[in-house]
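Listed below are the residues making up each chain.
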Amino acid sequence: MDDGQWRAPGRDDRAPAPEPHARGPAPTGAPYGGAPTSSPGVTPSSSAFGTTDRHRDRVLGGAGYDSPAYRNDPVAVSAMVLGVLGVVVPGLCLAAIALGHLGLHRLRASYDGGRGLAVAGLALGYAMTAVWTGLLLLFLSARTLL
């Protein structure tokens, strides 16, 4: 400590100083416009939100970041459609219930949207199953009375 400055323990004064970072030309994908530069080891499928190449240009392009375009889970959409069709066709209510539960299970592990559609498909499926069962029991009891 000949120069009077404090040094971290274990530091070797004889080690050569690291070379300063050489600054080269700006990358083609500048951070404030154009395509972004890719980080080593990070692919679109390994990112936190699971954006695909389809959304990469929209999310990372431009002056600031944009949220990815979410899509609804197809199973949740089909649960909702079958729940609505179950108002007219009795057997489709049971399929709406099964697909609603499957859709909720699939949505737990993904960033897709459609949780409301799956819940609506479940609600319609259970409600219409109760209605159709009640109508069936009413029909059978009325038939036995006649």
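Every value quoted in this text rests on a predicted model; they were computed, and no experiment measured them.

1. Topic: the overall build of the protein chain
Stage number 1. Check the secondary structure of the protein chain and you find four helices and zero strands.
Stage number 2. Within the protein chain, contacts between residues at least 6 apart in sequence are counted, and of these 53% link residues at least 24 apart.
Stage number 3. Looking at the protein chain as shown, the accessible area adds up to about 11100 Å², and 64% of this sits on carbon and sulfur atoms.

2. With respect to the confidence of the model for the protein chain
Stage number 1. In the predicted model, the protein chain carries a mean pLDDT of 77, and 53% of its residues have values of at least 70.
Stage number 2. Per-element confidence in the protein chain is highest for helix α2 (residues 74-85), whose mean pLDDT is 96, and lowest for helix α1 (residues 53-60), whose mean pLDDT is 65.

3. Quick notes on the nonpolar core
Stage number 1. Judged by nonpolar contacts, Ala76, Ile97, Leu104, Leu107, Ala118 and Leu122 together constitute the single largest core of six residues.
Stage number 2. Considering each element in turn, this core owes the most residues, three residues, to helix α3 (residues 92-107).

4. Let's talk about the packing of α2 against α3
Stage number 1. With their axes 8 Å apart at the nearest point, α2 and α3 run at an angle of 160° to one another. Viewed along their axes, α2 and α3 adopt a mutual orientation that is roughly antiparallel. Handedness of the α2/α3 crossing: left-handed. Of α3, the residues touching α2 (which contributes Val75, Ala76, Ser78, Ala79, Leu82, Gly83 and Leu85) are Leu92, Ala95, Ala96, Leu99, Gly100, Leu102, Gly103, Arg106 and Leu107.
Stage number 2. Among the residues making up the contact of α2 with α3, the classes are represented as 11 nonpolar, four polar and one charged.

5. Some points on the side chain of Asp73
Stage number 1. Mapped onto the elements, Asp73 comes out in the loop between α1 and α2.
Stage number 2. In this structure Asp73 comes out as buried when scored by relative accessible area, which is 2%.
Stage number 3. Once residues within four sequence positions are removed from consideration, Asp73 is found in contact with Gly103, Arg106, Leu107, Asp112 and Gly113.

6. Re the environment of Leu99
Stage number 1. With respect to the helices and strands, Leu99 occurs in helix α3.
Stage number 2. C-alpha separation for the pair Leu99 and Val75, spaced 24 residues apart in sequence, amounts to 6.1 Å.
Stage number 3. Setting aside anything within four residues of it in sequence, one finds Leu99 in contact with Val75, Ser78, Ala79 and Leu82.

7. Points about the pattern of salt bridges
Stage number 1. Evaluation of the coordinates by the stated rule reveals two salt bridges.
Stage number 2. A salt bridge links Arg71 to Asp112; the shortest N-O distance between them is 3.4 Å. Residue Arg71 is located in the loop between α1 and α2, and its partner Asp112 is located in the loop between α3 and α4 (115-145); the two are separated by 41 residues in the primary sequence.
Stage number 3. Relative accessible area serves as the criterion here: at 41%, Arg71 is assigned to the partly exposed category.
Stage number 4. Across the salt bridge formed by Asp73 and Arg106, the nearest N and O atoms sit 3.0 Å from each other. Taken together, the positions of Asp73 in the loop between α1 and α2 and Arg106 in helix α3 put the pair 33 residues apart, joining distant regions of the chain.
Stage number 5. Classification of Arg106 as partly exposed rests on a relative accessible area of 39%.

Definitions and cut-offs
- Residues numbered from 1 in each chain as written.
- Predicted model: local features only at pLDDT ≥ 70, side-chain atom pairs only at ≥ 80, totals over all residues.
- Heavy atoms only, no water.
- Helix = DSSP H or I, 4+ residues; strand = E, 2+ residues; numbered from the N terminus.
- Contact = heavy atoms within 4.5 Å.
- Areas by Shrake-Rupley, 256 points an atom, 1.4 Å probe, with all protein chains shown as cover.
- pLDDT = per-residue confidence, 0-100.
- Core = buried A, V, L, I, M, F, W, Y, C linked by side-chain atoms within 4.5 Å.
- Buried < 20%, exposed > 50% of the residue type's maximum accessible area, 1.4 Å probe, protein only.
- Axes fitted to C-alpha atoms, helices over the stretch in contact; angles between N-to-C directions.
- Parallel < 35°, antiparallel > 145°, perpendicular 65-115°, else oblique.
- Left-handed = near helix turned anticlockwise from the far one by under 90°.
- Nonpolar A, V, L, I, M, F, W, Y, C, P; charged D, E, K, R; others polar.
- Salt bridge = Lys/Arg side-chain N within 4 Å of Asp/Glu carboxyl O.

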